[in-house]
Structure formats: C-alpha cells, structure tokens
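What the coordinates show
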Amino acid sequence: MGQPLLTQKPIVELLSPAGDPERLEAAIRFGADAVYLAGQEFGMRTAPSNFDGDQLACAVDTAHKAGVRVYVTCNTLPRNEELPRLPAFLERMEAIGVDALIVADMGVLHLAKQYAPHTEIHISTQAGIVNYAAAQAFYDLGAKRVVLARELSLEEIAGIRAKTPKDLEIEAFVHGAMCMSFSGRCLLSSYLNHRDANRGDCSQPCRWEYTLVEKKRPGEYLDIVEDAKGSYIFNSRDMCMISHIPELVQAGVTSLKIEGRAKSAYYVAAVTHAYRAALDWYFEHPMEPLPEWISEELDKISHREYSTGFYFGEEPGQVYENGGYIRQYDVVAVCEGYQDGNLLVSQRNRFFQGAVLDVLEPGKEPFSITVEEMYDEEGTPIVSAPHATMTVRIPCPKEIQKGAFLRQKMPGKAEREADARKCCTKTEG
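All figures in this text were calculated on a predicted structure; none of them were measured in a lab.

1. Section: the packing of helix α2 (residues 53–65) against helix α3 (residues 86–96)
- Axis separation between α2 and α3 bottoms out at 10 Å; the angle between their running directions is 30°. When the axis of α2 is compared with that of α3, the two are roughly parallel. Here the hand of the crossing between α2 and α3 comes out right-handed. Where α2 approaches α3, its residues Gly53, Asp54, Leu56, Ala57 and Val60 are matched on the opposing element by Arg92, Met93 and Ile96.

2. Topic: α2
- In this model, α2 (13 residues) spans 19 Å end to end at C-alpha, consistent with the 18 Å of a helix rising 1.5 Å per residue.
- Taken as a whole, α2 has its buried residues at Leu56, Ala57, Ala59, Val60, Ala63 and His64. Each buried residue of α2 lies within a common arc of 160° when the element is viewed along its axis, so the set occupies one face. Away from the buried face of α2 by more than 90 degrees, exposed residues Asp54 and Lys65 are located.
- Tucked inside the fold, the buried residues of α2 contact α1 (21–29), β2 (34–37), β3 (69–74) and α3.
- Two or three places before Asp54, at the opening of α2, Asp52 has a side-chain oxygen 3.2 Å from that residue's backbone nitrogen.
- A positive backbone phi angle near 75° is found at Gly67, which sits one or two residues after α2.

3. Considerations on the pairing of strand β16 (residues 356–360)
- When you tally the buried positions in β16, you get 4 out of 5 residues, the bulk of the element.
- Sheet topology places β16 next to strand β17 (residues 367–370); 4 bridges connect them, and they run antiparallel. By the bridge assignment, Leu357 is partnered in β17 with Ile369.
- Looking at chain direction, β16 and strand β20 (residues 405–409) are connected through 3 bridges and run antiparallel. The residue bridging Val359 from the neighbouring strand is Leu406, located in β20.

Analysis parameters
Residues numbered from 1 in each chain as written. Predicted model: local features only at pLDDT ≥ 70, side-chain atom pairs only at ≥ 80, totals over all residues. Heavy atoms only, no water. Axes fitted to C-alpha atoms, helices over the stretch in contact; angles between N-to-C directions. Helix = DSSP H or I, 4+ residues; strand = E, 2+ residues; numbered from the N terminus. Parallel < 35°, antiparallel > 145°, perpendicular 65-115°, else oblique. Left-handed = near helix turned anticlockwise from the far one by under 90°. Contact = heavy atoms within 4.5 Å. Expected span 1.5 Å × (residues − 1). Buried < 20%, exposed > 50% of the residue type's maximum accessible area, 1.4 Å probe, protein only. Arc of directions from axis to C-beta. Polar contact = N/O pair within 3.5 Å; in protein donor to acceptor, adjacent residues only side chain to side chain. Pairing = 2+ DSSP bridges.

The structure is reproduced here in structure tokens:
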C-alpha cells in the first residue's frame, strides 16, 4: 500500500466494476486485470455502497496483492462548495497508491495534477471524446488514457488510434447497460425525480413506461406503438461485445470495460469470467471461433436484450415492449468451502434435493452437479434449503473452490404448469 502497482500491463486489459468490497472480491477472483471503484463522493454512482476511506486503502492493498490495478472514479462535475474537499481526497488517493484517477471535469484534472502528481489520469467517458483532436488535447494535458464515448464505431476508434500517440491508452465499454443520452449526460432524472444523473444519482426514468396525452384530452392515453401496455420509448438495449474481441483489439482498444458498479457480485463474477475467457481465447487461438459456452454465460445473468451498441455503425435501438430484464437463472448458493467430501454452501435462494445446479468457478468452464443429498449445519438430512444464508452440506465427489456460485435454471412456463399440476394432484389425493 502507498505505491501504485508496478507490474507490466497486459496487451489488452480487462477492467471490471467494483461497487463495494464484495464485488471487488468477485472481480479479482474471476479474472479482472483492473477494477474501477469510488469513494463516498466525487464518483458517478451513488446507488452502490462504494468505499469509505479505510475501505479504499484496504481495497488497494487487496487488489495489488493479487496483481490487480485500482482506478478511482472522480468523474462527477463538482460544484463550488465541493471543491474545497477535493484536494484532500486527491492527496489521499495518491497516498494509498491508487493506480489512476478517472476524471471528467477540467478543473478536477488541473487539481489532480497538482495534488496527485504521481497518479495516472484517465479521462472519463463523461468528457464525450469522439475524435483524435480531443484525445490528443487531453494527452497533452497529462492524461494517460481516454475512455471513449460509447457512440463511436470501431472504424472511428481505429481512426483515433492511428492519429494519437501510441502510449495514450484507449478504453472502451464492451458490456452492460447503455444510456439513451449522449455519453450519459442526461437531465431526465433531474427533471422528473430531482436526482441528478450527472452527479451519480440517476433514477433511470428512461426505463419507465410512457404513454402520450394530448393537452385538451386529460386522462386519454394514446399508445405510442401498437401495444396496450404503452411503450418504453427511451429504454436502451444492453451492450454485449463478447463475440467481437478480435475487432476491438484490431481497432486499437487497450482496455475492455465492463459496466455495472451497481450490479450484484454474481453479475460482476459472471461477466468478468466470460470476458476473461474470451480475451484469453483470442490471444491463444486468434484464428478460431469463440467456444459457445463463453457467450452462453452472458445469457445466465439478468440482462435486457443485447446489442453491439454503436460499434458497427448502427444505433443499438430501444426495447419498446418492457423495461425489465431477461432472467433465466437464479443463484441459489455460494460455495464457502469443501470438507470431507462435502460442499459447504451459503444459501442465496431456495433450492431442493434433486436440483441440478450449474457451477460457476473461477477460470473453468461451467459444469453441473445434482443434489442427491443435502444436510443442514448440524448434519440433519433436509429436502430443501429455504432460509437465507443458511449453511448447507452437499455431498460432492469433486472439490469446488470457495467463492464459486451455484445457480439453477428457472423453470419455463410448461415446467411451472407441470409443477402446479403435481401440487394439485397431491392436494386432491
């Protein structure tokens, strides 16, 4: 602690979100080269718990021991009354050895150079960099990296790479939620809910359901599309570039960024695991197609309809039918250890004896186990695990790493109806 990480950076970095210590641990365990996180202020996400001063120091120490770099977001647009607190924050970040500060505001950039002169500066996507002149300007001002606007195509990124210094790193988002507004600079939340998206407090009104009302016809709702439920006209699809690692690398992207500091530890683990596998596969087998299991992993997390964003010159489009998520799997337990041929797991959702569980383990292709028997903490046989965080023993011939996630595929409509019929039959009998 106290010094930035000095290990050599990989050719292409995998950068994962860490909204709190649990998510930090998941990112590290499942293969991130670097993480980005925030303190209690100046960061663009207030929904996650983030890190207080002591937790930040501990996070840097933990990550560095694992060979993982830490970038701290300082990318809000601070108001006058906040600026007096910023120098001490910046000095503290340098003192604990963070590897970079992510900034968007020119004033913050100026202060960072003054109060954290030995810490790398990365320019946030909030700055809206869409051309090589802007990238060069920030480089001339001391930036080590630019996080490009999400609205760029791969061709445009390649143009920026070709006309900027080779030691200027280029970071781009590859997975996660997208904003309906340019580079996330949106006022909808401020107008509708008095929560400023540009200060990390977005309430996501773009995901709400809307209908149209004519001023002289109050109460008469007009559907914007032919759907009785109305329309989610601002609701962007999620980005997914798992099948396009070669194109990203060839365009000159040096850091692949996963969105999701407000998402769960499981989400961070699963997405990091998939992109780690995809990135490694590309460098080991550059001419071979991606194994199906890697891309299938991203269907096992909650997500909106996927798109490739703006990378191929098309707009990602909106999801008009609903504002919710596609969800096919539930995490039912987290592995806490392996003892005498038994998995020790902590329950997260109810599951039953006979369940087929899909195991997400760091660095490995997922595999399935069947819960033939299960016992509570005292060794008493049980047929279900109904209580949150209860410890369950599951006999298993194969050792599974601590921190692995056990998940179960959610039943489809036909399966749910069949289960309901079984229950009815049992009741009638």
